Amino acid sequence: MLAPNWIELLVLVGTVGVPAAVVVYLALRMFVWSRAKSKSLEHIRNHALWTGIIAWAFSSLAGAGRAGIYDPDRFQPDPWATIPWFSLLAPVVAVIAVHAIGQSTWPAPQSPKRVASLEFRGVRDYIEPALGWTVAGIFTLTAAVVGVLYFVPGFISSNSVILGEYGQSIQTHQGRGPGYVLASALSVALVFLAIGTFLVMRLIASRRSLEALSPDQNKTLRTIGMNRLLRVVATMASGIGAIAGNYLFQPEPLPGGEPWVNALAVVNGAVLIAMLVWKPPFLDATTDDAGYRALLLPTSGNEAALGDGPAAAKFSNSAPAALLPAAAVGAGAGYLLKDVTGGLGIVALAAAFSVLACLALEFVLRRNYAAPGTARSPLRIPLPWPLCAAFGVAAAGLVLGLINAWHVAASVGPNSWDGMDEPQAMFWVPTVAAAVLLAVGLLAARFVLARPGLTDAAPRLDRALRRRSLFRIARTVTGGWYAMLGLLLIMIPVAPDPNPLAPRFESVIFGALCLVIAALVACYPVRAFTPADFVEAPKAGAGLGK
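Fair warning: this is a prediction, and the values are worked out from it, not measured in the lab.

Peer 1: What should I look at first to understand the overall build of the protein chain in this one?
Peer 2: When you go through the protein chain residue by residue, the secondary structure sums to 16 helices and two strands. Within the protein chain, residue pairs in contact and separated by at least 24 positions form 79% of the contacts whose partners lie at least 6 positions apart. As presented, the protein chain carries roughly 28500 Å² of accessible surface, and 67% of it is formed by carbon and sulfur atoms.

Structural data, given as structure tokens:
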């Protein structure tokens, strides 16, 4: 097999990029954007947030981690066959496409008059200096490592006989192709990433300002776009360096080889953590509402005069501080039961403990800010329709997955079930886990709906707090079901059709897709508070004469 020419690479990039762009566009159009609320600050925040989340979902280079490494059973293969071009270039193209689409699809101006400002907008005006220099250093380090690869020789795989206490065994040593092969592939990916990043940065700086935002807000929004773009490309650049490190630190096939560590993979992990916790600026609202400002600004002395609204809203915003430890405790409990429930128990108990944490938070909210007998206004739309649709799809898929598990258990078909050593366990364990998670979710939702109204807060805020609690509960149950469905498809695959011409259902691929959807659902943000939530509803008879 000869090295791929530039036409083949162009076809590959187009084949990967176009479907990825279409999928991203449909996801944004169906689940994120809304024509009716295109000018609202909440919509603009969600647009920016989900552009970043979807880009992170496409950014993994794990599929190319063994690029340049020979398989143990192939001693003299073509070195270019060791390059997984799709796994290497597809994430680069997808991430750039996501950010380009996100910047090109902001709400169009609706005013008949065009409002323009005569100002020069350069790319550097919207880059945070610390983040910019960090990303430049990561790209430079990766480029230097890739440059070293051009001069590194390769070696073929080999076998060695090891004499042990119970006889002899054969140890296989992996080989690697010539360094210039992997260096050429990584150079293509790194150059594509650098050029695409620069073009998107130019797009962020030059795109039209949003008419619903002030000049300062538009500048902050551009800085947020730069921040999210640079953070994700920094992790991808360090990932390319980690792939090169896996090649460089690969030991030569000597008898009794010692363990080795890919130091650049450790650096990649550190970069990933740093970029995840590196927060973008906050797109603040320009409002004179005292309750809303009390929520966003530090505690002031006159906050007590605003009632319980700001305090209850701050308490709701602090929910992640309780949900994450609860999920960790549930995952630990599931790990202790892994001999019975397997990986499903870890997922189910983590989700169930998170729902119980939501229930506990709602109990504290009721005890501190509500009183029995206080009227509560009904919720017309408790949950957004995309989350309800996602729950319905998860329920249907889980039912089909359980039916397949029942047939596999009855026929003792091929599976990788890691729970109780009993064929029927692969059916009743996920069934009980899904039912328990649903029961806990229904119990928590019933408590939220039955909670009395807040005694000293606006009715709109009470409804907003109730919707946020219901959203967290439904989000956790839905994400947990998707995760369980993904594990079911991976551990208990669908039996292939005996007809070789029939289309095959790739259970592992669909299972991995369900796990990605579970992660996206779990990260789906709750609705942020708006100034309207803190406005007191007009009372009956207000403004009438005596």
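From this point on, the discussion continues.
Peer 1: What exactly am I supposed to notice about helix α16 (residues 507-522) here?
Peer 2: For the α-helix, the turn length of 3.6 residues means that residues three or four positions removed from each other point alike. With 16 residues, α16 extends 22 Å between its outermost C-alpha atoms, agreeing within 8% with the 22 Å of an ideal straight helix rising 1.5 Å per residue. Looking only at α16, the buried set comprises Ser507, Gly511, Cys514, Ala518 and Val521. Down the axis of α16, the sector holding all buried residues measures 80 degrees, keeping them to one side. Pointing more than 90 degrees away from the buried face of α16 are the exposed residues Val508 and Ile509. Considering only its buried residues, α16 is in contact with α13 (385-411) and α15 (459-491).

Peer 1: Please explain the nonpolar core as it appears in this structure.
Peer 2: One broad rule of soluble globular proteins: the nonpolar side chains tend to lie buried together. Residues Leu182, Leu186, Leu193, Met226, Val233, Ile240 and Ile243 are the most contacted members of the largest nonpolar core, which totals 55 residues. Put simply, the parts of the chain that give this core at least two residues each are α2 (41-57), α3 (85-104), α4 (129-149), α5 (179-206), α6 (215-248) and α7 (263-277). In terms of nonpolar packing, the next biggest core, distinct from the first, is built from 46 residues, Leu323, Trp417, Val429 and Ile473 among them.

Peer 1: I'm lost on the pattern of salt bridges in this one. Help?
Peer 2: Where side chains of opposite charge bring their charged atoms close, a pairing between them can arise. Per the counting criterion, the structure on display carries four salt bridges. With its nearest N and O atoms 3.8 Å apart, the salt bridge here joins Asp339 to Lys338. Residue classification places Asp339 among the exposed residues on the basis of a relative accessible area of 58%. Notably, a salt bridge pairs Arg466 with Asp462, separated by 2.8 Å at the nearest N-O pair. Note that Arg466 and Asp462 are positioned in helix α15 at a spacing of four residues, about one turn of the helix. For the pair Arg466 and Asp462, a shared accessibility class is recorded, and that class is buried.

Peer 1: Mind showing me how you'd approach the packing of aromatic side chains here?
Peer 2: Aromatic ring pairs are described here by two measures, namely the spacing of the ring centres and the angle between the planes. Following the criterion strictly, the structure yields three aromatic pairs and no others. Taking 6.4 Å as the distance between ring centres and 40 degrees as the angle between the ring planes, the aromatic pair formed by Phe363 and Phe447 counts as tilted. Of this pair, Phe363 sits in helix α12 (residues 343-369) while Phe447 sits in helix α14 (residues 425-450), placing them 84 residues apart in sequence. Given the relative accessible area of 48%, Phe363 is considered partly exposed. Overall, Phe447 belongs to the partly exposed group, its relative accessible area being 21%. A cation over an aromatic ring shows up here: Arg222 above the ring of Tyr126, its NZ or CZ 5.9 Å from the ring centre.

Peer 1: Sorry, what's going on with empty space enclosed by the protein here?
Peer 2: For the structure on display, the rule yields two cavities of 30 Å³ or more. Of the volumes computed, that of the largest cavity is approximately 120 Å³. Residue lining of the largest cavity: Phe315, Ser316, Ala319, Cys358, Leu361, Glu362, Leu365, Leu465, Ser469 and Arg472, and that is the complete set. Among the elements of the structure, α9 (309-317), α12 and α15 are those that each provide at least two residues to the lining of the largest cavity. Per-element tally for the lining of the largest cavity: the top contributor is α12, with four residues. Size it by volume and the second largest cavity reaches roughly 70 Å³. What lines the second largest cavity is simply His47, Ala48, Thr51, Gly52, His99, Gly102, Gln103, Trp106, Gly225 and Arg228. Tallying contributions element by element places α2 first for the lining of the second largest cavity, with four residues. Class assignment of the residues belonging to the lining of the second largest cavity gives a composition of two nonpolar, seven polar and one charged.

Peer 1: Quick question: what am I supposed to make of α6 here?
Peer 2: The end-to-end C-alpha distance of α6, which contains 34 residues, comes to 49 Å, matching closely the 50 Å that a straight helix rising 1.5 Å per residue would cover. Taking burial as the measure, the 34 residues of α6 include 29 buried ones, the bulk of the element.

What counts as what
- Within each chain, residues carry numbers counting from 1 in the order of the written sequence.
- Since the coordinates come from a predicted model, pLDDT governs what is reported: local features require at least 70, and pairs of side-chain atoms require 80 or more to be given and counted, while whole-chain, interface and lining totals use all residues.
- In computing side-chain values, all of the structure's heavy atoms are included and hydrogens and water are not.
- Secondary structure elements are taken from DSSP: a helix is a run of H or I of four residues or more, a strand is a run of E of two residues or more, and numbering for both begins at the N terminus.
- Any pair of residues with heavy atoms lying within 4.5 Å of one another is described as a contacting pair.
- Method for areas: the Shrake-Rupley scheme with a 1.4 Å probe, in which residue coverage is limited to the protein chains shown.
- Given the number of residues in a helix, its expected span is that number minus one, multiplied by 1.5 Å.
- Here the term buried applies to any residue with accessible area under 20% of the maximum for its type, exposed to any over 50%, and partly exposed to those in between, with areas from a 1.4 Å probe on protein chains only.
- Note that the arc is computed from the directions linking the helix axis to the C-beta atoms.
- Among the buried residues, those of types Ala, Val, Leu, Ile, Met, Phe, Trp, Tyr and Cys that are joined through side-chain atoms within 4.5 Å form a nonpolar core.
- Within this document, salt bridges are pairs made up of a side-chain nitrogen of Lys or Arg and a carboxyl oxygen of Asp or Glu, the two lying within 4 Å of each other.
- Ring pairs are drawn from Phe, Tyr and Trp, using the six-membered ring of Trp, whenever the two centres fall within 6.5 Å, and their geometry is named by plane angle: stacked under 30 degrees, edge-to-face over 60, tilted for the rest.
- Whether a charge lies above a ring is judged from NZ of Lys or CZ of Arg, which has to be within 6 Å of the ring centre and within 35 degrees of the ring normal.
- Cavities and pockets were defined on a 1 Å grid built over protein atoms only: a cavity is a set of grid points that admits a 1.4 Å probe from which the probe cannot escape, a pocket is an open set flanked by protein on both sides within 12 Å along at least five of seven lines, and lining residues are those with an atom within 4 Å of any such point.
- Grid points are joined across faces, edges and corners, and a volume is the space filled by probe spheres set on the points.
- Classification used: nonpolar for Ala, Val, Leu, Ile, Met, Phe, Trp, Tyr, Cys and Pro, charged for Asp, Glu, Lys and Arg, polar for all others including Gly.

On their own, these measurements won't tell you what the molecule is for.
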